[in-house]
Amino acid sequence: MAHTPLSHRSVLVVGASRGLGLAIARTYVDRGARVVATVRGDVSKSLRAVRDAAPDRVEFEHVDIADGAEITALANRLRGRTFDLLFVVAGISLAPQSQVAADIDDDDFARTLATNALGAMRVVERLHPFVADTGTIAVLSSGQGSITNNTSGGFEVYRASKAALNQLMRSFAARHPNDARALLLLAPGWIRTDMGGAGAGLEIDEAIPPLIDTVEAQRGTPGLRFLDRTGAPVPW
Ligand SMILES: NC(=O)c1ccc[n+]([C@@H]2O[C@H](COP(=O)([O-])OP(=O)(O)OC[C@H]3O[C@@H](n4cnc5c(N)ncnc54)[C@H](OP(=O)(O)O)[C@@H]3O)[C@@H](O)[C@H]2O)c1
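Residues numbered from 1 in each chain as written. Predicted model: local features only at pLDDT ≥ 70, side-chain atom pairs only at ≥ 80, totals over all residues. Heavy atoms only, no water.

> I'd like to hear about the overall build of the protein chain, residue by residue, with values.
Per the secondary structure count, the protein chain includes six helices and seven strands. Taken from the N to the C terminus, the helices and strands of the protein chain come in the order β-α-β-α-β-α-β-α-β-α-β-α-β. For a compact globule of 236 residues, the expected C-alpha radius of gyration is about 18 Å, and the protein chain comes in at 17 Å, within 12% of that figure. For the protein chain, the C-alpha atoms occupy an extent of roughly 50 × 40 × 40 Å along the three principal directions. The long-range fraction of contacts in the protein chain, counting pairs at least 24 apart against all pairs at least 6 apart in sequence, stands at 69%. Surface summary for the protein chain: the accessible area is close to 11000 Å², and the carbon and sulfur share equals 50%. Both charge centroids of the protein chain, one from 25 positive and one from 26 negative side chains, sit 5 Å from each other. (Helix = DSSP H or I, 4+ residues; strand = E, 2+ residues; numbered from the N terminus. Rg over C-alpha atoms; globule rule 2.2 N^0.38 Å. Contact = heavy atoms within 4.5 Å. Areas by Shrake-Rupley, 256 points an atom, 1.4 Å probe, with all protein chains shown as cover. Lys, Arg positive; Asp, Glu negative; His and termini not counted. Charge placed at Lys NZ, Arg CZ, Asp CG, Glu CD.)

Right under this line is the structure:
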């Protein structure tokens, strides 16, 4: 399928080793963008293949978003760079669907919040200076972060972490009222990845192209929005 030209030509994808981050990095490269893809461990074979397909347009970087010092170190290494789009993808879900919050292991609770809320926001805080004045900052939230839509429960701590992320992004947006950049919290749908599991309703290749189309359409519209992959608003 032919795609409209990208509005974001240089993209920093945080959390690109596998799953949705890998697919986002690959899709941007396939559509002609320059991509810096971060991993926290070794570069995966799949991500290496993305670079092999376009060696002059793909770079690797390292950051563990649960480690504030690593985020600061990445910011120092990126000094002088400008990206059209910062896409924060990294996230974790440690507890089974049925586990209520009171029963989770304390360390798992702390790690989930420290990664999905604090870690993602630290990436936004430390790296937003490298996003062009008219660029876009996108963060993978989740439909499960919607407080309004939580009528079923389940994944209690994961949900709480994404709701916290959403609230922290609203504070960021409130502190930057004159920012011309698009600020996006994205709910991609339930997708078959290591996190989403085999029972998820969507393949990665069904979900990521429309998600990227939505991000591309948002450039130039300032302010914070919580959107699904089709661009429809998700209730907070
Ligand atoms: N799949 C879904 O149905 C779904 C739905 C809604 C939202 N999301 C969100 O989409 C994002 C990606 O999910 P996914 O399904 O692709 O999950 P996944 O397959 O489990 O992949 C998670 C990714 O996040 C990285 N990561 C985890 N902790 C990190 C850390 N501390 N520092 C840096 N990278 C870290 C992982 O790197 P390693 O390889 O090093 O572990 C991996 O690249 C998450 O934020 C998730 O909450 C997913």
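> Before we move on, could you go through the packing of helix H3 (residues 68-78) against helix H4 (residues 106-127) and cite the residues and values that matter?
Here H3 crosses H4 at 25°, and the two axes come no closer than 10 Å. By the angle between their axes, H3 is roughly parallel relative to H4. In the packing of H3 onto H4, the handedness of the crossing is right-handed. For the pair formed by H3 and H4, the contact residues are Gly68, Ile71, Thr72, Leu74, Ala75 and Leu78 on the first element and Gly119, Arg122, Val123, Arg126 and Leu127 on the second. A per-class count over the contact of H3 with H4 returns six nonpolar, three polar and two charged. (Axes fitted to C-alpha atoms, helices over the stretch in contact; angles between N-to-C directions. Parallel < 35°, antiparallel > 145°, perpendicular 65-115°, else oblique. Left-handed = near helix turned anticlockwise from the far one by under 90°. Nonpolar A, V, L, I, M, F, W, Y, C, P; charged D, E, K, R; others polar.)

> Go over the environment of alanine 160 with me, naming the residues and quoting the values.
Checked against the element boundaries, alanine 160 lands in helix H5 (residues 156-175). Through-space distance from the C-alpha of alanine 160 to that of alanine 182 is 24 Å; in sequence the pair is 22 residues apart.

> So what's going on with the pattern of salt bridges? Which residues, and what values?
Under the counting rule described, the total for this entry stands at eight salt bridges. Here aspartate 194 makes a salt bridge to arginine 18, at a shortest N to O gap of 2.8 Å. Here aspartate 194, found in the loop between strand S6 (182-187) and helix H6 (204-218), pairs with arginine 18, found in the loop between strand S1 (10-14) and helix H1 (19-30); they are 176 residues apart in sequence, far enough to count as distant. Take arginine 18: its relative accessible area is 48%, and that puts it in the partly exposed class. Note that aspartate 179 and arginine 181 form a salt bridge whose closest N and O atoms lie 2.8 Å from each other. (Salt bridge = Lys/Arg side-chain N within 4 Å of Asp/Glu carboxyl O. Buried < 20%, exposed > 50% of the residue type's maximum accessible area, 1.4 Å probe, protein only.)

> Provide a residue-level description of the site of the ligand, including the pertinent values.
Around the ligand, 28 residues are found, and the nearest of them are Ser17, Arg18, Tyr158, Ile191 and Thr193. Take serine 17: an N or O atom from its side chain is 2.6 Å from an oxygen atom of the ligand. For the ligand, whose free accessible area comes to 900 Å², the fraction covered by protein is 93%. Sorting the residues of the shell around the ligand by element identifies H1 and H5 as the ones contributing at least two each. Its residues assigned to classes, the shell around the ligand shows 13 nonpolar, ten polar and five charged. (Near = heavy atom within 4 Å. Polar contact = N/O pair within 3.5 Å; in protein donor to acceptor, adjacent residues only side chain to side chain.)

> Which residues make up the sheet that holds strand S2 (residues 34-39), and what values do they have?
In a beta sheet, neighbouring strands are held together by backbone hydrogen bonds and run either parallel or antiparallel to one another. Within the open sheet, the seven strands sit side by side as S3-S2-S1-S4-S5-S6-S7. Their pairing is parallel. At either margin of the open sheet sits one strand with a lone partner, and together these are strand S3 (58-62) and strand S7 (223-228). Neighbour-to-neighbour, the strand axes of the sheet open up by a mean angle of 20°, direction not taken into account. Taken together, the five bridges between S2 and S3 define a ladder with parallel strand orientation. (Pairing = 2+ DSSP bridges.)

> Lay out the nonpolar core with the relevant residues and their values.
Core analysis: the largest hydrophobic core is formed by 36 residues, its most contacted members being Ile24, Tyr28, Val35, Leu47, Phe87 and Leu186. Ranked by residue count, the leading element in this core is H1, at seven residues. Aside from chain neighbours lying at most four places away, what touches phenylalanine 87 is Leu12, Val13, Val14, Ile24, Tyr28, Ala138, Leu140, Leu186, Leu211 and Val215. Formed by 30 residues, the second largest nonpolar core is a distinct cluster that contains Val63, Met121, Val123 and Ala187. (Core = buried A, V, L, I, M, F, W, Y, C linked by side-chain atoms within 4.5 Å.)

> I'd like to hear about the environment of serine 141, residue by residue, with values.
Following the sequence through the fold, serine 141 ends up in the loop between strand S5 (131-140) and H5. The class for serine 141 is buried, based on a relative accessible area of 4%. Spatially, the C-alpha atom of serine 141 lies 9.0 Å from that of leucine 184, the residues being 43 residues apart in sequence. Those residues in contact with serine 141, other than ones at most four positions away along the chain, are Lys162, Leu165, Asn166, Leu185, Leu186, Pro188 and Phe226. A polar side-chain atom of serine 141 sits 2.8 Å from a polar atom in the side chain of asparagine 166.

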